[in-house]
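Below, each chain spelled out in residue letters.
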Amino acid sequence: MLLIDYFTQILIYTLVSYPIIGGLSFIVSSLYYWLLMEKEDQPRYLKKGTPFITILVPAHNEEASIEATIDHLATQMNYPTDQYEIIVVNDGSTDKTGIILETLQAKYGQRLRTVTIINNRGKAAGFNSALGFAKGEFILSNDADSKPEVDALWKYMYYFEREGGSQLGAVTGNMLSINKTTLVAEAQQNELNSIIGLIKRSQLSYGGLFAFSGANTMYRKAAVIDVGGWQAEQPTEDIAISWDMQTAGWQAYFAPHIRFFMDVPETLPELVKQRRRWTSGGLYVLLTKSFGILRHPIKHFSMVPIIIDYGLSIIWSLFYWISMATFIVLQIGYVINQDWHRLLSSLSIAAIFITIEILVGLIQLVQASYFNDGGRSLKYIAFAPWYILIYWMVNTYTVAVEIVPTIRQIIRGKDAGVWKSPTRSTEATGKREGEDSDE
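One structure accompanies this document, and this report is about it. All values reported here derive from a predicted model rather than from experimental measurement. Residue numbers run consecutively from 1 along every chain, following the written order of its sequence. Local features in a predicted model are, by the rule used here, given only for residues with pLDDT of at least 70; side-chain atom pairs are given and counted only at 80 or more, and totals for whole chains, interfaces and linings are based on all residues. With hydrogens and water stripped out, all remaining heavy atoms of the structure feed into the side-chain values.

This part is about the pairing of strand β4 (residues 138–142). Residues in a regular strand point their side chains to alternate faces of the sheet. Burial classes follow relative accessibility: with a 1.4 Å probe on protein chains only, a residue under 20% of its type's maximum area counts as buried, one over 50% as exposed, and anything between as partly exposed. Only DSSP runs of H or I reaching four residues or more are called helices, and only runs of E reaching two or more are called strands; each is numbered from the N terminus. Buried residues dominate β4, accounting for five of its five residues. Residues Phe138, Leu140 and Asn142 point to one face of β4 and Ile139 and Ser141 to the other, with burial holding for every one of them. Note on pairing: DSSP must find at least two bridges between two strands before they are called paired. One ladder, built from four bridges, connects strand β1 (residues 53–59) with β4; its direction is parallel. Paired with Thr54 across the two strands is Ile139, which belongs to β4. Sheet topology places β4 next to strand β7 (residues 216–220); five bridges connect them, and they run antiparallel. Counted as the bridge partner of Leu140 is Met218 from β7.

Here it is as structure tokens:
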């Protein structure tokens, strides 16, 4: 076999082996967590009373969804109404968000307060401003398009109340999609049920979490203050504070039995935009915080596998495009030289590994669906092969396009936390298509 044949096979193995190995590791470690930990760790009713909770809702131009979200939080939660408050951070909104909030304040009185920031500063800066007004010893971060299940508050409190909960800094819930109106939105059911839930279960098997969900996470206020609040310069405040809490000695937890429903992107451009921000946030945290953690690997042992896994995924993503370009050039060369044997051989090997990758993804989906809802979400399995491949392509693309801008932000010390709300679906607004938003 010629050297070029070996080179071609190495490229193929590089392109497809990481998702396969990573997927298998997630399957095994999440199964370990489910068998030995999850079944025995379901929320139980509170025995020590109901602590006061402050729900923080960030809002930047959220006229489409803010009313439905506040109505849900104020009226649908199975928790004493005198034991929680809602604070909306109106962060530089230029639409009707402020007017809607005034109407809602008249409706709910002291249970709803508003912190108004004139110029858009970003979610983290807004939360830090609101933290000083929060009466609760626990803080629920709840996005303006997210609706937690009705029992979410007392379920969250169970984990803080139980034995060993005094060192728990935050608990993040299990995200599900509220909108299923387009092919892109439908396909993301596979990601939420298969990839994200499985990864978090896998990470819990060795004691750490890469990120909280910014859309719905319950924080201990003392832990937030202990780490200096949310970092306004970070593109994603939820990843940053997760790392800060865990390196400061606070525990982080993923509660798969606490579900909340969020609005997911309905078009491919919106999806890519969201993932670029997520990738930028992950890169920012990795490049600014991992070196300090790795200086004391024993002390921060639970974070080391997270750093290794994410670091390898970044390296693989960058090498993916180099390898893919080289592979395509080689195939073109085989065609030009009419070397059909090598062409068919390399394409066959690639097809075999891609098939294995899809099968591993399908196993993830079936396993996670059984973990989450006894298999009911398997109705979305028809979207799985397409989304499994697109998922990896989108992730590698976002790494390639975000790594240089993120490094520049870090060098310049530029505030990367300023944000712009995405387009909301009709499900997030609480209205059906055709209804007048002013009615």
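That shown, we press on.
This paragraph deals with unusual backbone geometry. Trans is the prevailing form of peptide bonds, just as negative phi is the prevailing case for residues other than glycine. At Asn61, a residue that is not glycine, the phi angle is positive and equals roughly 55 degrees. Following the sequence through the fold, Asn61 ends up in the loop between β1 and α2 (66–75). Not every positive phi belongs to a glycine, and Gln338 is a case in point at roughly 55 degrees. Checked against the element boundaries, Gln338 lands in the loop between α10 (304–336) and α11 (340–373).

Here we come to the nonpolar core. Put simply, a nonpolar core is a bunch of buried Ala, Val, Leu, Ile, Met, Phe, Trp, Tyr and Cys residues held in one set by side-chain atoms that sit within 4.5 Å of each other. Counting residues in hydrophobic clusters, the biggest one holds 63 residues, and the most contacted among them are Ile53, Ile86, Trp230 and Met245. Looking at this core, the element that brings in the most residues is helix α5 (residues 152–161), giving eight residues. When residues no more than four places from it in sequence are discounted, the contact partners of Ile86 are Ile55, Val57, Ile70, Leu73, Ala74, Arg111, Leu112 and Arg113. Any two residues having at least one pair of non-hydrogen atoms within 4.5 Å are treated as being in contact.

Taken together, the eight strands give an open sheet; going across it, the order is β3-β2-β1-β4-β7-β6-β8-β5, and neighbouring strands pair in mixed fashion. Of all the strands in the sheet, the pair left with one neighbour each is β3 (112–117) and β5 (147–148). The axes are straight lines fitted to the C-alpha atoms, using for helices just the contacting stretch, and the angles between their N-to-C directions are given from 0 to 180°. Across the face of the sheet, α5 comes into contact with β1, β2 (84–91), β4, β5, β6 (168–177), β7 and β8 (251–262) while running at roughly 145 degrees to β6.

With that settled, the discussion passes to the pattern of salt bridges. The rule for a salt bridge is simple: a side-chain nitrogen of Lys or Arg has to be within 4 Å of a carboxyl oxygen of Asp or Glu. Per the stated rule, a full pass over the model turns up eight salt bridges. The closest approach of N and O atoms between Lys107 and Asp71, which form a salt bridge, is 3.3 Å. Note that Lys107 is positioned in helix α3 (residues 97–108) and Asp71 in helix α2, a separation of 36 residues in sequence. Exposure remark for Lys107: the relative accessible area of 51% places this residue in the exposed category. Salt-bridge contacts for Asp143 lead to Lys123; the nearest nitrogen and oxygen are separated by 2.8 Å. Of this pair, Asp143 sits in the loop between β4 and β5 while Lys123 sits in helix α4 (residues 123–131), and the two are 20 residues apart along the sequence. Each of the two residues, Asp143 as well as Lys123, counts as buried. Salt bridges sharing common partners tie together Lys123, Asp143 and Glu237.

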